[in-house]
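Each chain, letter by letter, is given below.
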Amino acid sequence: MTRSARPRTAVPIGAVPVTALTTAARAATTRTGRRDPVRAAVAVLTACQAAAAVVVAVRLARGRTRLPPLSPVTGPRDGRPSPADGPGPGPSPAAGPGRGPRISVVVPARDEENRIGPCVSAALADPAVAEVVVVDDGSRDGTARLAAGLGAKVLAAPPLPAGWVGKQWALRHGTEAALGDVVVTLDADARPAPGLFGAVAAALDAYDLVTVGPRFVCDGIAEQALHSAFLATLVYRFGPIGPSSPPPPHRVVANGQCTAFRRTAMLAADGFTRVRGHLTDDVALARTLAADGWSVGFLDSGGLLEVDMHESAAEVWREWGRSLPLRDVTSPGRQAADLAVLWLTAALPPIRLVAGRPTRLDLALLAVRLLLAGALRGSYTRPGPGTLLSPLLDPLAAFRLTAATLRPVRTWRGRSYPAAAAGAVPGTAPAAAPGGPETAAGPEAGRPARKVTTGAGRSARPGRSATR
């Protein structure tokens, strides 16, 4: 007799051990939980990078309509006295009939004995220049003696008052002492070519304030590569030099290595007093005056100006990286946005490339950056391979700007300065120096600046007829 087989019954799913299901669910949840946040983060990063790429593309596209470089201007705009003006080297404040404006060159200098000679000599040799005023800002070397020996008029700046940065203090006194109706300020490391001063004076027919972008002298591959990487950060944030349409005041940029304006208009606006506490003095001045209604031009020098700023890559890292964040002239929100654009479009692509995981957008951004590197070769007197290697240093440039934003340096030329005393961020609204020029600068500030007011009591835009 055979034993009958036990009937098989279907096992309901609910009879599966609860622990097994729970373990599987937890494993699935854990696996999913690990993937989704990463994918979400990558998707957000990609979207932010794409948005930043659009911003950069719009800014770079302005280069197609940018203004042409300056051309040398000589001859009819010559501001030096002719034989018919009579003997004597002293220029008169006004230009003669049919002649261009008298041009005074003002050079603020502190411990510049090793660099100021070529600057002063070139300015004195330009026939458009009526005088060169060197303002010695407490130099501890032979700066004043050298400048005087070359033929410049040397003015000793009074002791620096509290709340002032030395360069603005020197520029204010130099502008007051100048005799020309056009003032061109130069840094001591600038090397002007013949025709520069006539060109910037002619540009004041269209602008109230003109600053000029130079050709940079950078020796060595490392110095040029790092300098070019820093220079690219300016283009990514503000677009190419010489925009055809003016940006809003809070986005105006300028280069204080060469600045031109009408003397009476600057004294009326008391511009240097109003930006007295800013280390980023050039941009602070341009944005403050642009908010007042001044027309500000930032033009390509076209090779009429060279600047030898630094002697090594280490000095480029230390000095230029200190000032490029524009921390004391930019609101925190806009600073954060600018840094985000740099990290996403300039720093991230080469990092991913080195890691072997670039995206198609990264490769496109790298291609754009290489094109920009080629275009920036024209910004150097002797362009070398450093400019083309500069995209590899973009992560370092972004890091340096971020570090200088978080921990700003407030020292310059042996002086330490407190936080900016100028108050509101320049370019946000018209502002006046608290208490007027006498109160802000003290009794040593020289004669008070003259104010030009409208019927409503506001500072007026410098009129063409009133300043010529």
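Residues numbered from 1 in each chain as written. Predicted model: local features only at pLDDT ≥ 70, side-chain atom pairs only at ≥ 80, totals over all residues. Heavy atoms only, no water.

### Quick look at the overall build of the protein chain
Step number 1: Scanning the protein chain for helices and strands turns up 15 helices and 12 strands.
Step number 2: Considering only contacts within the protein chain whose residues lie at least 6 apart along the sequence, 81% involve residues at least 24 apart.
Step number 3: In the form shown here, the protein chain has an accessible surface area of approximately 22,000 Å², with 62% of it arising from carbon and sulfur atoms. (Helix = DSSP H or I, 4+ residues; strand = E, 2+ residues; numbered from the N terminus. Contact = heavy atoms within 4.5 Å. Areas by Shrake-Rupley, 256 points an atom, 1.4 Å probe, with all protein chains shown as cover.)

### Some points on the sheet that holds strand β7 (residues 215-216)
Step number 1: Here 3 strands make up an open sheet; going across it, the order is β5-β10-β7 and the pairing mixed. The strands lining the two open edges of the sheet, one partner per strand, are β5 (190-192) and β7. (Pairing = 2+ DSSP bridges.)

### Topic: the packing of aromatic side chains
Step number 1: Applying the stated criterion across every chain, the model contains 6 aromatic pairs.
Step number 2: Ring plane angle 70° and centroid distance 5.0 Å describe the contact between Trp164 and Trp169, whose orientation is recorded as edge-to-face.
Step number 3: Here Trp164 falls in the buried class, since its relative accessible area comes to 2%.
Step number 4: Classification of Trp169 as buried rests on a relative accessible area of 0%.
Step number 5: Ring centres of Phe216 and Trp320 lie 5.9 Å apart, and the angle between their planes is 50°; this geometry places the pair in the tilted category. (Phe/Tyr/Trp six-rings, centres within 6.5 Å; stacked < 30°, edge-to-face > 60°. Buried < 20%, exposed > 50% of the residue type's maximum accessible area, 1.4 Å probe, protein only.)

### Points about the pairing of strand β6 (residues 209-213)
Step number 1: Taking burial as the measure, the 5 residues of β6 include 5 buried ones, the bulk of the element.
Step number 2: The alternating pattern of β6 places Leu209, Thr211 and Gly213 and Val210 and Val212 on opposite faces, both of which are buried.
Step number 3: Here 3 bridges tie β6 to strand β8 (residues 258-262), and the two strands are oriented antiparallel to one another. Along β8, the bridge assignment pairs Leu209 with Phe261.
Step number 4: Examined bridge by bridge, β6 and strand β9 (residues 296-300) share 5 bridges and lie parallel to one another. Across the sheet, residue Val212 finds its bridge partner in β9, namely Leu299.

### Points about the confidence of the model for the protein chain
Step number 1: The predicted model of the protein chain has a mean per-residue pLDDT of 82, with 76% of residues at 70 or higher.
Step number 2: Low pLDDT, under 50, characterises residues 430-461; the predicted model gives this stretch 61 contacts beyond four residues in sequence or across chains.
Step number 3: Segment residues 463-468: pLDDT under 50, and 14 contacts once partners within four positions in sequence are set aside and those in other chains are kept. (pLDDT = per-residue confidence, 0-100.)

### Focus on the sheet that holds strand β4 (residues 182-186)
Step number 1: Read across the sheet, 7 strands follow the order β3-β2-β1-β4-β8-β6-β9 without closing on themselves; strand pairing throughout is mixed. Either end of the sheet is taken by a strand with one partner, and the two such strands are β3 (153-156) and β9. Recorded for the sheet is a direction-independent mean angle of 20° between the axes of neighbouring strands.
Step number 2: Sheet topology note: the strand β1 (residues 103-109)/β4 ladder contains 4 bridges and is parallel. Paired with Val105 across the bridge in β4 is Val184. (Axes fitted to C-alpha atoms, helices over the stretch in contact; angles between N-to-C directions.)

### Some thoughts on the packing of helix α11 (residues 332-355) against helix α14 (residues 394-406)
Step number 1: One can describe the packing of α11 onto α14 by two numbers: an axis separation of 8 Å at closest approach and a directional angle of 155°. The angle between the axes of α11 and α14 places the two elements in the roughly antiparallel class. Of the two possible hands of crossing, α11 and α14 adopt the one that is left-handed. Seen from α11, the contacting residues are Gln335, Leu339, Leu342, Trp343, Ala346, Ala347, Pro350 and Ile351; seen from α14, they are Asp394, Pro395, Ala398, Phe399, Leu401, Thr402 and Thr405.
Step number 2: For the contact of α11 with α14, the residue count by class is 11 nonpolar, 3 polar and 1 charged. (Parallel < 35°, antiparallel > 145°, perpendicular 65-115°, else oblique. Left-handed = near helix turned anticlockwise from the far one by under 90°. Nonpolar A, V, L, I, M, F, W, Y, C, P; charged D, E, K, R; others polar.)

### With respect to the nonpolar core
Step number 1: The biggest cluster of nonpolar side chains holds 61 residues, and the ones touching the most others in it are Val107, Val132, Val134 and Leu186.
Step number 2: A total of 7 residues in this core trace back to one element, the largest contributor, which is helix α6 (residues 221-238).
Step number 3: Ranked by size, the runner-up nonpolar core spans 32 residues in total, among them Val106, Phe261, Met266 and Leu285. (Core = buried A, V, L, I, M, F, W, Y, C linked by side-chain atoms within 4.5 Å.)

### Comments concerning unusual backbone geometry
Step number 1: Backbone geometry at Asp111 places phi at a positive 55°, although glycine is not the residue there.
Step number 2: Within the secondary structure layout, Asp111 lies in the loop between β1 and α2 (116-125).

### Describing helix α9 (residues 281-291)
Step number 1: With 10 of 11 residues buried, α9 is to be regarded as a mostly interior element.
Step number 2: Where α9 is concerned, the buried positions are Asp281, Val283, Ala284, Leu285, Ala286, Arg287, Thr288, Leu289, Ala290 and Ala291.
Step number 3: Check the buried side of α9 and you find it contacts α4 (166-177), β6, α6, α7 (263-269), α8 (271-274) and β9.
Step number 4: Count one or two residues on from α9 and you reach Gly293, which has phi positive near 110°.

### Thoughts on the pattern of salt bridges
Step number 1: Going through the model one piece at a time under the given rule, you end up with 18 salt bridges.
Step number 2: Two residues, Arg115 and Asp189, come together in a salt bridge whose shortest N-O distance is 3.6 Å. Residue Arg115 is found in the loop between β1 and α2, and its partner Asp189 is found in the loop between β4 and β5; the two are separated by 74 residues along the sequence. The burial state of Arg115 is the same as that of Asp189; both residues are buried.
Step number 3: Among the salt bridges present, the one from Asp281 reaches Lys167, with a minimum N-O distance of 3.8 Å. Of the two residues, Asp281 is situated in helix α9 and Lys167 in helix α4; the sequence distance between them amounts to 114 residues.
Step number 4: Three or more residues joined by partner-sharing salt bridges are found here, namely Arg66, Arg215 and Asp300. (Salt bridge = Lys/Arg side-chain N within 4 Å of Asp/Glu carboxyl O.)

### Concerning α11
Step number 1: At Leu348, α11 is bent by approximately 40°, the largest bend along its length, and proline Pro349 sits one to four residues beyond.
Step number 2: Just downstream of α11 lies Gly356, where phi reads positive at about 80°. (Bend = angle between axes of the 7 residues up to and from the residue.)

### A look at the side chain of Thr259
Step number 1: With respect to the secondary-structure elements, Thr259 resides in strand β8.
Step number 2: Contact partners of Thr259, with chain neighbours within four places excluded, come to Val183, Val184, Thr185, Leu209, Val210 and Thr211.

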